[in-house]
Amino acid sequence: MEQEALALAGEMDFSFWALFIRSTLIVKLVMILLIAASFYSWAIIVTKFMQYRRARREAAVFDQAFWSGEPLDELYDQIGPTPTSSAERVFAAGMLEWRRSHRADGGLIGGAQSRIDRSMDVAIAKEAESLNTQLGFLATTASSGPFIGLFGTVWGIMHAFTEIAQQQNTNLAVVAPGIAEALLATGLGLLAAIPALIFYNKLTSDSDNIAAGWESFADEFSTILSRQLDS
């Protein structure tokens, strides 16, 4: 009997699709949810890498223009009312407040320095928010994926033991399919969670570094304007 059970188990299809088809409705829903979360996580990862690479490239181009020695007013006029990059928007926010702080007679309105700094801080916060958009989904997937998969595993094992009780049979051919289907849910949970965790940490660090570059520029720009205010 044991050899017949082993032979029968060996003939069974344990491919992913076969395990998915044989699983219960709840386990199927868990697997579909985890697969969808994994695909969406990878879409976010690829999109963010492209966004961050573009932000670094645009910042490098703007820094070159900013430190080229060209007058700041002319650079601001070239950028125009609709800056195309994040670095340009931070610079434009400071320059716009700088121009608004001048009275008609050419004098400066009091508190110009603090207003300029706040304007650039607000611009940096908005750009940083754009960088961090959707990273929360990666964090959620990383933390909840294994538990969702574990729920599918527990449900699948419970169903497997129910099948054993109903058939009054503990042969491998009866036990193995249900256990394999249940463990597949855990595997999918880890498959979704591990990349989400790794790239969440990576992308968060990259986002912080990019935002830190904007803050450093804002400090340098504020220093330049403060010299003109004090002169």
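Going by the structure above, here's the rest.
Rules behind the numbers
- Throughout, residues of each chain are indexed from 1 in the direction in which the sequence is written.
- Since the coordinates come from a predicted model, pLDDT governs what is reported: local features require at least 70, and pairs of side-chain atoms require 80 or more to be given and counted, while whole-chain, interface and lining totals use all residues.
- Side-chain descriptors were evaluated using all non-hydrogen atoms of the structure, hydrogens and water having been removed beforehand.
- Secondary structure elements are defined from DSSP: runs of H or I of at least 4 residues count as helices, runs of E of at least 2 residues count as strands, and each element is numbered from the N terminus.
- Think of it in three bands: residues with accessible area under 20% of the maximum for their type are buried, residues over 50% are exposed, and the middle band is partly exposed, with areas taken using a 1.4 Å probe on protein chains only.
- Pairs of residues are marked as contacts when any of their non-hydrogen atoms sit within 4.5 Å.
- Using a 1.4 Å probe, the Shrake-Rupley method yields the accessible areas, and only the shown protein chains count as cover for residues.
- For this analysis, a salt bridge means a side-chain nitrogen from Lys or Arg found within 4 Å of a carboxyl oxygen belonging to Asp or Glu.
- Each Phe, Tyr or Trp ring (for Trp, its six-membered ring) is paired with any other whose centre lies within 6.5 Å, and the angle between the two planes then decides the class: stacked below 30 degrees, edge-to-face above 60, tilted in between.
- Note on terminology: a nonpolar core comprises buried Ala, Val, Leu, Ile, Met, Phe, Trp, Tyr and Cys residues joined through side-chain atoms within 4.5 Å.
- Regarding the arc, it is the one traced by the directions from the helix axis to the C-beta atoms.
- Any residue with relative accessible area above 30% and no salt bridge may belong to a patch, with like charges joined within 9 Å and the nonpolar Val, Leu, Ile, Met, Phe, Trp and Tyr side chains within 5 Å.
- When charges are tallied, Lys and Arg are placed among the positive residues and Asp and Glu among the negative ones, while His and the ends of the chain are skipped.
- Lysine's charge is taken at NZ, arginine's at CZ, aspartate's at CG and glutamate's at CD.

Trainee: In this structure, what is going on with the overall build of the protein? I would like to understand it.
Mentor: Tallying secondary structure elements over the protein gives eight helices and zero strands in all. Starting at the N terminus, the α and β elements of the protein follow one another as α-α-α-α-α-α-α-α. When each of the 231 residues of the protein is scored for burial, the buried share is 39%. Expressed as a percentage of contacts within the protein between residues at least 6 apart in sequence, the contacts between residues at least 24 apart total 78%. Surface exposure of the protein reaches about 13,000 Å², of which carbon and sulfur atoms provide 63%.

Trainee: Looking at this structure, I do not really get the pattern of salt bridges. What am I missing?
Mentor: Opposite charge on two side chains permits pairing when their charged atoms draw close. Counted according to the given criterion, the structure contains six salt bridges. Here Arg 99 and Asp 77 are joined by a salt bridge, their closest N and O atoms 3.0 Å apart. On the criterion of sequence distance, the pair formed by Arg 99 in helix H5 (residues 86–100) and Asp 77 in helix H4 (residues 72–79) is long-range, its members being 22 residues apart. Taking the relative accessible area as the measure of exposure, Arg 99 reaches 34% and is therefore partly exposed. Its salt-bridge partner being Glu 127, residue Arg 89 comes within 2.8 Å of it at the nearest N-O pair. One end of the pair, Arg 89, is in helix H5; the other, Glu 127, is in helix H6 (residues 112–132), and 38 residues separate them in sequence. Taking relative accessible area as the criterion, Arg 89 reaches 30% and is therefore assigned partly exposed. Residue Glu 127 is classed as buried on the basis of its relative accessible area, which comes to 10%. Among the charged side chains, a network of salt bridges with common partners joins Arg 56, Lys 202 and Asp 206.

Trainee: Looking at this structure, how should I read the packing of aromatic side chains?
Mentor: For any pair of aromatic rings, the description consists of the separation of the ring centres together with the inter-plane angle of the planes. Within the structure shown, the criterion is met by 15 aromatic pairs. Taking the centre distance of 6.1 Å and the plane angle of 45° together, the rings of Phe 151 and Trp 155 count as tilted. A residue pair is termed a helical-turn pair when its members lie 3 or 4 positions apart in one helix, as Phe 151 and Trp 155 do in helix H7 (residues 135–167) at four residues. On the basis of relative accessible area, Phe 151 is assigned to the partly exposed category, the value being 43%.

Trainee: What is the right way to look at the nonpolar core in this model?
Mentor: General note: in soluble globular proteins, nonpolar side chains tend to be found buried as a group. The biggest cluster of nonpolar side chains holds 37 residues, and the ones touching the most others in it are Phe 62, Phe 66, Phe 91 and Phe 221. If you list the elements that add at least two residues to this core, you get helix H3 (25–66), H4, H5, H6, H7 and helix H8 (172–230). Per-element accounting of this core gives the leading share, 10 residues, to H8. Leaving out residues up to four positions away in the same chain, Phe 221 has contacts with Phe 66, Leu 72, Phe 91, Gly 94, Met 95 and Met 120. Listed in part, the nine residues of the second largest apolar core include Met 31, Leu 34, Ala 185 and Leu 188.

Trainee: What is the right way to read H4 from this model?
Mentor: Residues three or four positions apart in an α-helix share a direction because the helix packs 3.6 residues into each turn. Within H4, the full set of buried residues consists of Leu 72, Leu 75, Tyr 76 and Ile 79. Buried residues in H4, looked at end-on, bunch into an arc of 100°, giving them a common side. Downstream of H4 by one or two residues, Gly 80 has phi in the positive range, about 80°.

Trainee: I tried to follow a negative patch on the surface on my own but got confused; where do I start?
Mentor: A contiguous patch of negative charge, built from Asp 63, Asp 121, Glu 215, Asp 219 and Glu 220, is present on the exposed surface. Of all the elements, H8 adds the most residues to the negative patch, at three residues. You can see Glu 220 is positioned in helix H8. The class of Glu 220 is partly exposed, set by a relative accessible area of 39%.

Trainee: Mind showing me how you'd approach the environment of Tyr 200 here?
Mentor: Take Tyr 200: it is sitting in helix H8. As for Tyr 200 and Ile 44, which are separated by 156 residues in sequence, their C-alpha atoms are 10.0 Å apart. Discounting residues that sit within four places of it in the chain, Tyr 200 has contacts with Leu 135, Leu 138 and Ala 139.

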